[in-house]
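Remarks on the overall topology
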Amino acid sequence: MSILIHGIGLGGGITIGQAFILDKSLDEATAYTLEKHELKAEVIRFKDAVLQTKRELELLRANIPHDAPTELGAFLSLSIMMLGDTQISQAPVDIIIQEECNAEWAIKLQADKLSCQFDEMDDDYLKERKHDVIQVLERIFKNLEGNKFDWDESKKLEQGILVTHDLSPADLVHFKNSNFTGFLTEVGSLTSHTVIVGRNLGIPAIVGATHARQLIREDDLIILDGIDGVLIVNPEKVILTEYKKRQQLWIESRAKLYAIRKDHTVTLDDVNVELYANIDGVSDLNEVNYSNAMGIGLYRSEFLFLAQDGHVCSEDEQFEAYVRMARIMKHLPVAIRTADLGVDKTPSWSEANNALNPALGLTGIRLSLVESVFFRTQLRAILRASQFGNLQILFPMISSSWELKQVINQLQYVKDELTDEGILFNRNIKIGAMIEIPSAALALKGILSQVDFVSIGTNDLLQYLLAMDRNDESVSYLYNPLHPAVIKVLMLIIKSCNRYGVPVSICGEMASDANLTRLLLGMGLRRFSMHPANILNIKSVILNTNLSGAAAIVSKIIKTENMERISELVEELNLDLHTPNLI
C-alpha cells in the first residue's frame, strides 16, 4: 500500500528511486557505562572527533564549489566558530567524566540540555537557531569511530534518494557530488540554513517531513516531488505511471523555458515587464547570464562580511568584489544592498548578537548608521567601483524619510571625502530604498522624494505586517501573502510609486511565486527581482498573460476581505498555469 508523506518542497523537480536510509543520528544514541580507567581514552576519542569535524569543515570551506550558494561560506564559518564554544567542545567532556559514560551518550545529553534551553527562550528567532547548534553536535557524533557516514558509499546507488533526520549546509557540499538524485529530511523550516542552501542547488528535495524514517524502509521505491513537497512510498502502478509522466513534463518544460531565454518579456497585450536577479555573490552570475536577466535587482553584500570569519572585509576587498561584479554585468544595472546585518546574519565581530529581539533591534540600516565607520567604508568601496559599471545603492530596512535623510547625509559625506582625495566615482549614482517595514509603506511620499527607485522586501514586510516571526515554525501558518492587509499595503506602495514616477520592484519570495505573478501585474507591478533559477518560469507566465483579460478578477481580489475567497479568485486567475506549457 502506498504511503503519502508531506513536507516543505525545495523545488528541483521530481525524482523516482530507491530509499537510502541514513539513521545514524543523536536520536539513536545509546548509553553504556565505562570503567574509570577507560574515561581518559573516551575523552580523547571525543576530542579527536571534534578535531576531525573542524578539519572537515575547514576543508569544505577552502574548497567550496564555484557554483555553490554564497551563504555556504558563512554557514561553514559559523559552524567552525561553534566548535570552539565550551558548550560544544568541553561540556560533553565533563559529562563523560561525571556520568562515566560513552562519548555518544554525552553528546546526546548535552544536545538535549541545549535544546531545552533554546526552547525556554522568549525570543522565537533564537529558538529557531537551536538547529544550527544541534547540527554541529550531530556532525561530531557522526565522526566518532564507527559512526561516520561515507558519502562515497552512495556511488553504489544509481538512482538513490537519501532519507535522513537532518542535513547540514556542509553535508550538501558532499551531496551535490554524490549519486543521490534527491533528499528528504525530517526537520527543517522555511528559513533554516539547509533550506536556503538546498533550494539554490536545483535538486529535488523535501524538508520537514516528520517521522519519515519510521515510515520508509531501506530500498523502498519512492517518488519525491520537490515542487509540491510530496513523497510517495511504494507507489501503486497507476501513481508511478502518472509521476513518470509528470517527471517527463518537468524535463520538457525546462527545455521550453530555455527556448524563451532571449524573448522580450511582454504580455499578450503588449505590456512590457522587467525581470531582475537576486544574487549573493559572483558565483550566481552564471545563472543570471543563463536566464538573460535585465540586471541585478538585489546583490546581498552582507555575505562578503559573513564569510570573513571574524575579519571585517576591508575597503579594498569590497572594492575588488564590486568592480568584478560591475565589469561582468557591463552596462546592466547592479543594485548593491548595503550590508543587511543583524537577526540571522550577524558576523562574529558585531555586538548585535545579544539583542533581546533581533528582528526589532539593531539590524539593517540601523546597524549601519550606528557603525558609521563600517558604513562609510562600504559606501566608499561602492562609489569607487561605480565608475566601472552601472552600480546602484540600495538601503535596507528604511523606516521613515527622516532615517533615509540620515543615510543620504552619510553618502554625501563620503562623496565629499572622495572628491577631496581626487578619487573618481559616478556622482549621479542611483539610490534606492527597501520598503519592508509598514511605517515606510504608510509614509512613503517623503521617501519617494529622495530616491531613484524602490524595492519591496515582501519577506520581512509580511513578518512585520502580520506580527509573526517567519523563523518560527509554530506560527508559519500565518505567513500568507494573500492576506487582505498584505494586498492592500502592496497596492498602496505600487500605486504611490507609479503615481510619482519612481520605479518599483518586488525582490522577496512573492516575486518568484508563479501563482502570484498575474495578481502583481494586475496591481501595476512591472519589475520583478528573484533568484535567477526562477526567472524563466516567471517569464513564461508573463508571456502567456493577457492583463486586460485578467483585470476584472484582479479588481475583485483587491476589494475582497475574505482570505478564502481571495484564494479562490487567484486560482481562477491562474486556471491555465498548470497545463504542460506552463509548469
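Just so it is clear, the structure is predicted and the values come from calculations on it, not from any experiment.

Turning our eyes to something else, we now look at the overall build of the chain. A tally of regular secondary structure across the chain gives 25 helices and 16 strands. Residues counted as buried form 56% of the 583 residues belonging to the chain. Only carbon and sulfur atoms are counted for the fraction: they give 51% of the accessible area of the chain, which is about 25500 Å².

A complete count under the given rule lists 20 salt bridges for this structure. Notably, a salt bridge pairs Glu186 with Arg213, separated by 3.0 Å at the nearest N-O pair. Of this pair, Glu186 sits in the loop between β5 (182–185) and α9 (193–199) while Arg213 sits in helix α10 (residues 212–215), and the two are 27 residues apart along the sequence. The same class applies to Glu186 and to Arg213, which are both buried.

With that settled, consider the pairing of strand β3 (residues 14–22). Counting buried residues in β3 gives 8 out of 9 residues, a clear majority hidden from the surface. In this sheet, strand β7 (residues 221–225) lies alongside β3 in antiparallel orientation, the contact comprising 5 bridges. For Ile16, the partnering residue across the bridge sits in β7 and is Ile223. Here β3 pairs with strand β4 (residues 161–164) via 4 bridges, running parallel. Residue Phe20 lies in a different strand from β4, and its bridge partner there is Leu162.

So, on to helix α7 (residues 130–143). Between its terminal C-alpha atoms α7 stretches 20 Å, which fits the 20 Å expected from 14 residues at 1.5 Å a residue. A large share of α7 lies buried, amounting to 13 of its 14 residues.

Let us now look at the sheet that holds strand β2 (residues 8–9). Ordered in space as β1-β8-β7-β3-β4-β5-β6-β2, the 8 strands form an open sheet in which the pairing is mixed. Where the open sheet ends on each side, the last strands, each with one partner, are β1 (3–6) and β2. Helix α11 (residues 237–259) contacts β3, β7 and β8 (230–233) of the sheet and is inclined by roughly 115 degrees relative to β3.

This part covers the confidence of the model for the chain. Looking at the chain as a whole, the pLDDT averages 86, with 85% of positions reaching at least 70. Contacts from residues 579–583, a stretch scored under 50 in pLDDT, to residues over four places away or in other chains number 15 contacts.

Taking 1.5 Å of rise per residue, 17 residues should cover 24 Å, and helix α5 (residues 103–119) covers 24 Å from first to last C-alpha, within 8% of that figure. Residues of α5 that are buried include every one of Ala103, Glu104, Ala106, Ile107, Lys108, Gln110, Ala111, Leu114, Ser115 and Phe118, and no others.

The next point concerns the packing of helix α14 (residues 315–329) against helix α16 (residues 372–385). Relative to each other, α14 and α16 sit at 35 degrees, their axes nearing to 8 Å. The handedness of the crossing between α14 and α16 comes out as right-handed. Contacts between α14 and α16 involve Glu315, Asp316, Gln318, Phe319, Tyr322, Val323 and Ala326 from the first element and Thr377, Gln378, Arg380, Ala381, Ile382, Arg384 and Ala385 from the second. Across the contact of α14 with α16, the residue classes tally to 7 nonpolar, 3 polar and 4 charged.

Right, let's get into the pairing of β5. Remember that side chains alternate between the two faces of the sheet whenever the strand is regular. By the alternation rule, side chains of β5 split into Gly182 and Leu184 and Phe183 and Thr185, which are all buried. Across 2 bridges, the pairing between β5 and strand β6 (residues 205–207) is parallel. If you follow Phe183 over to β6, its bridge partner there is Ala205.

The subject of this paragraph is unusual backbone geometry. Unusually for a residue other than glycine, Glu100 sits at a positive phi of about 55 degrees. If you trace the backbone, Glu100 turns up in the loop between α4 (91–99) and α5. Positive phi, normally seen in glycine, also occurs at Ala467, with a value near 55 degrees.

This paragraph deals with the environment of Asp316. Among the secondary structure elements, Asp316 is positioned in helix α14. On the basis of relative accessible area, Asp316 is assigned to the partly exposed category, the value being 44%. Residues Asp316 and Arg384, spaced 68 residues apart in sequence, show a C-alpha to C-alpha distance of 9.6 Å. Here the side chain of Asp316 touches Arg384 through a polar contact of 3.1 Å, side chain to side chain.

Closest axis-to-axis distance for the helix α1 (residues 39–62)/α5 pair is 9 Å, and the angle between their directions is 65 degrees. Two secondary-structure elements touch here, α1 through Glu42, Arg45 and Phe46 and α5 through Ala103, Glu104 and Ile107. Of the residues in the contact of α1 with α5, the class split is 3 nonpolar, no polar and 3 charged.

Conventions adopted
- Residues numbered from 1 in each chain as written.
- Predicted model: local features only at pLDDT ≥ 70, side-chain atom pairs only at ≥ 80, totals over all residues.
- Heavy atoms only, no water.
- Helix = DSSP H or I, 4+ residues; strand = E, 2+ residues; numbered from the N terminus.
- Buried < 20%, exposed > 50% of the residue type's maximum accessible area, 1.4 Å probe, protein only.
- Areas by Shrake-Rupley, 256 points an atom, 1.4 Å probe, with all protein chains shown as cover.
- Salt bridge = Lys/Arg side-chain N within 4 Å of Asp/Glu carboxyl O.
- Pairing = 2+ DSSP bridges.
- Expected span 1.5 Å × (residues − 1).
- Contact = heavy atoms within 4.5 Å.
- Axes fitted to C-alpha atoms, helices over the stretch in contact; angles between N-to-C directions.
- pLDDT = per-residue confidence, 0-100.
- Left-handed = near helix turned anticlockwise from the far one by under 90°.
- Nonpolar A, V, L, I, M, F, W, Y, C, P; charged D, E, K, R; others polar.
- Polar contact = N/O pair within 3.5 Å; in protein donor to acceptor, adjacent residues only side chain to side chain.

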